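Single-letter residue listing:
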Amino acid sequence: MINLDAAATLLSSLPIPDYQSQAMVNFRFKPSQVTLLNKFKAQRAKGLPIRAIICKSRRFGGSAFVDGIGLAHCVGEENVNAMIVAHRKDSAEALFRVPLTLIKGLPSTGYDLPEPTQKKITFPHPGGDSTLSIATAGDVLGGRGAAFSFLHLSEAAGYQGKAPFTSLLSTVPDHPSTFIVVESTANKKIGPGEAFYSMWCDAVYGKSEYDAIFIGYIDDILCRRDALEAKDAPVNEDEKDIISLVACDKFCGRCGKCHKALECVAWRRWAIVNKCQGDVELFHQEYPATWEEAFITPQNPAFTHDERRIARATIIEPIATGRLERDISPAADPGRPIILIPDDRSPLKVWKFPEERKHYYIGADAARGYDNKDYASAFVWCGETGETCARYASRINPESLAELLNFMGIYYFKAMVAVELTGNLGLWTQKVLRDTYQYPNIYKWKGRDDRQPVGYVTRTSIGWETTARTRPMLLDAFRTAIRFGRAKLYDAAALSQMEAAEMIEGKWEVRQGHDDILMAMLIGWLIGEQWHSAGMASSKLLDLENEPIDKKSEDRKVINNADLDVQGQVRAHWWKIQRYIKNGPPKPGARLDGI
Ligand SMILES: [Zn+2]
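J.: Would you take a moment to explain the overall build of the protein chain for this structure?
T.: Along the protein chain, the regular secondary structure elements total 17 helices and 18 strands. Considering the protein chain as a whole, with its 595 residues, one finds that 41% of them fall into the buried category. Taking contacts inside the protein chain between residues at least 6 apart in sequence as the whole, the part at least 24 apart equals 70%.

J.: So what exactly am I meant to see when it comes to the nonpolar core here?
T.: Within soluble globular proteins, side chains that are nonpolar generally end up buried alongside one another. Counting residues in hydrophobic clusters, the biggest one holds 146 residues, and the most contacted among them are Trp200, Ile362, Val380, Leu405, Met408, Val417 and Trp525. Looking at this core element by element, the count peaks at 10 residues for helix H16 (residues 516–531). When sequence neighbours within four positions are dropped, the list of residues in contact with Met408 reads Leu324, Ile362, Ala378 and Val380. Ile242, Ala266, Tyr287 and Ala289 belong to the second-largest nonpolar core, a separate cluster that totals 17 residues.

J.: Looking at this structure, how should I read the sheet that holds strand S5 (residues 120–123)?
T.: Backbone hydrogen bonds hold the strands of a sheet together, and the pairing may be parallel or antiparallel. The sheet built from seven strands is open, its strands ordered S5-S6-S4-S7-S8-S3-S9 with mixed pairing. If you trace the sheet from one side to the other, it starts and ends with S5 and strand S9 (211–215), each paired once. Between one strand axis and the next, the sheet turns by 15° as a mean value, whatever way the strands run. In this sheet, S9 lies alongside strand S3 (residues 50–56) in parallel orientation, the contact comprising five bridges. Paired with Ala52 across the bridge in S9 is Asp211.

J.: Is there a simple way to explain the pairing of strand S16 (residues 416–419) in this structure?
T.: Strand residues, when the strand is regular, have side chains that alternate between the two faces of the sheet. Alternating residues of S16 divide into Met416 and Ala418 and Val417 and Val419, and every residue in both groups is buried. Pairing of strand S13 (residues 360–365) with S16 involves four bridges; the strand directions are parallel. Looking at the pairing, Ile362 lines up with Val417 of S16.

J.: Hey, could you run me through the sheet that holds strand S14 (residues 376–382) in this one?
T.: The strand order S11-S10-S12-S15-S14-S13-S16 describes an open sheet built from seven strands, whose pairing is mixed. Two strands in the sheet have a free side with no partner beyond their single neighbour: strand S11 (338–342) and S16. The sheet shows a mean angle of 25° between the axes of neighbouring strands, taken without regard to direction. Summarising the sheet, strand S12 (residues 348–350) and strand S15 (residues 388–394) pair through three bridges and their orientation is antiparallel. Across the sheet, residue Lys349 finds its bridge partner in S15, namely Arg391.

J.: Explain the pairing of S3 to me, please; I cannot follow it from the model alone.
T.: Burial runs high along S3: seven of the seven residues are buried. Residues Ile50, Ala52, Ile54 and Lys56 of S3 are buried on one face, and the alternating residues Arg51, Ile53 and Cys55, pointing to the opposite face, are buried as well. Where S3 and strand S8 (residues 179–184) come together, six bridges link them in parallel fashion. Bridge pairing in S8 places Arg51 opposite Ile180.

About the thresholds
Residues numbered from 1 in each chain as written. Predicted model: local features only at pLDDT ≥ 70, side-chain atom pairs only at ≥ 80, totals over all residues. Helix = DSSP H or I, 4+ residues; strand = E, 2+ residues; numbered from the N terminus. Buried ≥ 20, exposed ≤ 12 C-beta atoms within 10 Å, placed from the backbone. Contact = placed C-beta atoms within 7 Å. Core = buried A, V, L, I, M, F, W, Y, C linked by C-beta atoms within 7 Å. Pairing = 2+ DSSP bridges. Axes fitted to C-alpha atoms, helices over the stretch in contact; angles between N-to-C directions.

Here it is in structure tokens:
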């Protein structure tokens, strides 16, 4: 098993050319490399194999560092095989130069090596030699048989398709002693970079065991220019983003944080012109400030820059990861016999534990499952505080989702649960939830059905149906809540889907990537807006027996609903005209009602 501290000590005694002067110096870790080391150590401390995916800004030195760890692994252990995979032949050579340079320092530590070949370094040990090899992604296809305890996939967003990932990742056994790092600068969401993007999202959403590590240019101490060059900042939305990420809350302009923010802005202005030929989108990809930016944001985002910025400022780490189980101990609470068992591999993330006398709202989206790309998800909001409490996303079938919702609902004090019904899988989930588990608090449609436009039929009274009429409601309600600071999002995965949402022909959609968490999150919020008596995030604890109705929030809802009814009527009218155009004028006797 790689001893990470010993590896770091060995590495810091070995020679490497200095990035700026090219003079040989001992390997001194940059802050971002220390960050990596600490992330690896944290996984090891949990007894997990080291699995990391790194989305990075150009040239922060991550590859060299990871390869150094691989080298130390081969020096320290007998009979192990480490593999570095490069995108292309030329990059393989450049990449392998790092370990080849580092081993020149080994004799000084009392360790002598046979002459390495161009593709392999052999480390003699009494119990069997260890090897560190280099390959290109194209070469390794079909190369089965070998087992690696250390695998570094470099510039992985450049690999062609999913195949190299599939064949390479399967060469590493699922054992706590093993180490896999997938690392790259982003290369868009579709095309060659898609496999990397999808793997990155799985890691960010906690759906895989990989730790998602983002290293942006803001973390790179070489990406700085004189703060005075940016004394007029911010001049655009991107600069505002950097300031909100780096500067102090007040943006006083005098403290260390503000100074750093201005240095970053100054470097950004310089690099856009001098490194990216004035192409801001290219700059975002090569030198991202946030990982969302790395994958290039949509042309016509569904949420405004300000809304995304406000949401981003709320993001925090979950306080627990675990699974919900029935408490079978004698001490179990008969009314609420569900407990959370800590489990680092679970797709359930918790930000707030349930509290008595609070009200919780759960939105759920069953996997649509046309391919195995889709996830089922559930999202829990607290009505009183407007805080995200928990989020679940995983590839599970509708019945398992129903079981999860039953447990989750009971755990959160009989939370109201709304399942997205569009498509039969959601209906199935709801049916199991209602009939098998007899869950007591399933969302009932709260529209103004009595004032529906003519011809509008409500097909079901329980559950959430996303239609042309209700889809905009989801977005509008949440945008308002974000703008007024009522919704505290916390969840980075939900944020990333918010960032990816775009308006296409008047309809919000996530064209690249997933919208499962976003959907569950928006539904959860809206049902809270509809049913939470004082309005979401009123911060008022309600009396369970005698819930007061907040007149103002009721009025607000009536106005909102009236607004939506007008939209609905316009739509119904439009459809009638379309039918008229398609089918010709109505037959004699039929009435032109509504046109
Ligand atoms: Zn300041």
